[in-house]
Amino acid sequence: MQLIDTHVHINFDGFQQDLETVRSRWLEAGVVRLVHSCVEPSEFASIQELAHRFPELSFAVGLHPLDAEQWNNQTAEQIMSLAGSDSKVVAIGEMGLDFYKADNCEQQIVVFEAQLAIATELNLPVIIHCRNATAQVREVLQKWKNLKGEKVRGVMHCWGGTPEETSWFVDLGFYISFSGTVTFKNAVQIQASAATVRSDRLLIETDCPFLAPVPKRGERRNEPAYVRYVAEKVAHLRGETVEAIASVTTQNACELFGLSL
């Protein structure tokens, strides 16, 4: 059984002491490809080094909405340059809107749209972070879809929306990625979304080192091997085998990010 973890942050300090052991566990768990997301430009070099160290690791470059104040022309140039020069860059992000921890709404939207423009120019998918901003993210993506058509594509990562909200983004052509939160006891709306989203738009991730899934939730660090628990929970919710979920999410990840097995 092959699995793809579509959102990791293994460059964080908590992995530095035992990363080779962590890698052994993800390979043993059947994780054959990983997509490393990015928070801000100071990470570019470390993420790129990891992607060339581990053949199964691809990566994204971008600026997280909670770091929107860092945006300037140099940031845009850095993203454009690395994404255009390294074939291991398979997406732009993570980008989007987060009004849970910040209220600089206008600034976040400007930075979001600037990164959508880069992704469109480079014909790369986007990784969207959306927290307490579902309607606003939909509005921005609808605007860009109207302007650029099918060139605007990507994934709603670590999805936490209702089935109705899920359908908004599926209708825009986006993939929906579920993390360890889908295994949490009280995650009713996330589970309902996972049970009903179209199979050809379904992805799984860990968002490690955050959000360790049940039965590992008590651990301080999540890791890529645990994406199997996400797959198992999604399979249970959909009345399917974990092998079927692994197969369809692997195929979807390959199609979105241009990965090969």
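Preceding this section is the structure that the text describes.
A quick note: this is a predicted structure, and the numbers were derived from the prediction, not measured. (Residues numbered from 1 in each chain as written. Predicted model: local features only at pLDDT ≥ 70, side-chain atom pairs only at ≥ 80, totals over all residues. Heavy atoms only, no water.)

**Student:** So what's going on with unusual backbone geometry? Which residues, and what values?
**Tutor:** A cis amide bond links G93 with the next residue in sequence, E94, at an omega value of 15°. Tracing the chain through its elements places E94 in strand β4 (residues 89-98). At C158, a residue that is not glycine, the phi angle is positive and equals roughly 45°. Within the chain, D207 stands out as a residue other than glycine whose phi angle is a positive 55°. If you trace the backbone, D207 turns up in the loop between β8 (202-204) and α8 (227-238). (Helix = DSSP H or I, 4+ residues; strand = E, 2+ residues; numbered from the N terminus.)

**Student:** Tell me what's going on with the pattern of salt bridges, and back it up with residues and numbers.
**Tutor:** In the structure shown here, the tally under the stated rule is ten salt bridges. Ionic pairing is found between E56 and R23, a salt bridge with its closest N-O pair at 2.7 Å. Residue E56 is found in the loop between α2 (44-53) and β3 (57-61), and its partner R23 is found in helix α1 (residues 19-28); the two are separated by 33 residues along the sequence. For the salt bridge of E223 with R25, the shortest nitrogen-to-oxygen distance reads 2.7 Å. Taken together, the positions of E223 in the loop between β8 and α8 and R25 in helix α1 put the pair 198 residues apart, joining distant regions of the chain. In this structure E223 comes out as buried when scored by relative accessible area, which is 2%. Linked by salt bridges that have partners in common, D18, R25, R221 and E223 make up one network. (Salt bridge = Lys/Arg side-chain N within 4 Å of Asp/Glu carboxyl O. Buried < 20%, exposed > 50% of the residue type's maximum accessible area, 1.4 Å probe, protein only.)

**Student:** How would you sum up the nonpolar core? Please name residues and give values.
**Tutor:** Formed by 70 residues in total, the largest nonpolar core has its most connected members in I10, I128, V137, L141, M156 and F169. Discounting residues that sit within four places of it in the chain, V137 has contacts with L97, F112, I128, C130, M156 and F169. I4, A60, I127 and V155 belong to the second largest nonpolar core, which has 14 residues in total. (Core = buried A, V, L, I, M, F, W, Y, C linked by side-chain atoms within 4.5 Å. Contact = heavy atoms within 4.5 Å.)

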